[in-house]
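# Structural description and commentary
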Amino acid sequence: MRKAMAQGIGAAVLAAGLMIAPVLLGPTALTAARAACEPGDRADNTTAAMAKKRAESAGYSQVRMEHKGCDNVWHGTAMKDGAPIHLAVLPSGEVAPEGD
């Protein structure tokens, strides 16, 4: 009887811990980019396909848009003059290399 009661209490404590953990730890998908977002930030209507087209028009090939930041800048990878490069497509439409 005591063993069953202890197991029931243990299960209840575990369930309570699982319920409260997300509140204490925050969302699991929290990234540095997402953490930098402000509650009032507004996403524009640009899509990855639109950003890819802008990059290709600027002379980049094999363009892969990976994510869009809170500042509406699309980030991705591409090839330019035969070399791999990280790039950013700004909301203004400007395409710029980024990183090292």
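Look a little higher up for the structure.
None of these values were measured; they are calculated from a predicted model.

## Focus: the pairing of strand 2 (residues 74–80)
Of all the seven residues making up strand 2, five are buried; the element is thus mostly covered by neighbouring parts of the structure. Strand direction decides the pairing type here: strand 1 (residues 61–68) and strand 2, joined by five bridges, are antiparallel. Bridged to M65 within strand 2 is G76. The antiparallel pairing of strand 1 with strand 2 creates a hairpin that spans five residues between the two strands, and N72 there sits at a positive phi of about 65°. Relative to strand 3 (residues 83–89), strand 2 runs antiparallel, the two being bridged by seven bridges. Within strand 3, the position partnered with M79 by the bridge is P84. Here strand 2 folds back onto strand 3 in antiparallel fashion, the turn holding two residues, of which D81 has a positive phi close to 55°.

Procedures and definitions
Residues numbered from 1 in each chain as written. Predicted model: local features only at pLDDT ≥ 70, side-chain atom pairs only at ≥ 80, totals over all residues. Heavy atoms only, no water. Buried < 20%, exposed > 50% of the residue type's maximum accessible area, 1.4 Å probe, protein only. Helix = DSSP H or I, 4+ residues; strand = E, 2+ residues; numbered from the N terminus. Pairing = 2+ DSSP bridges.

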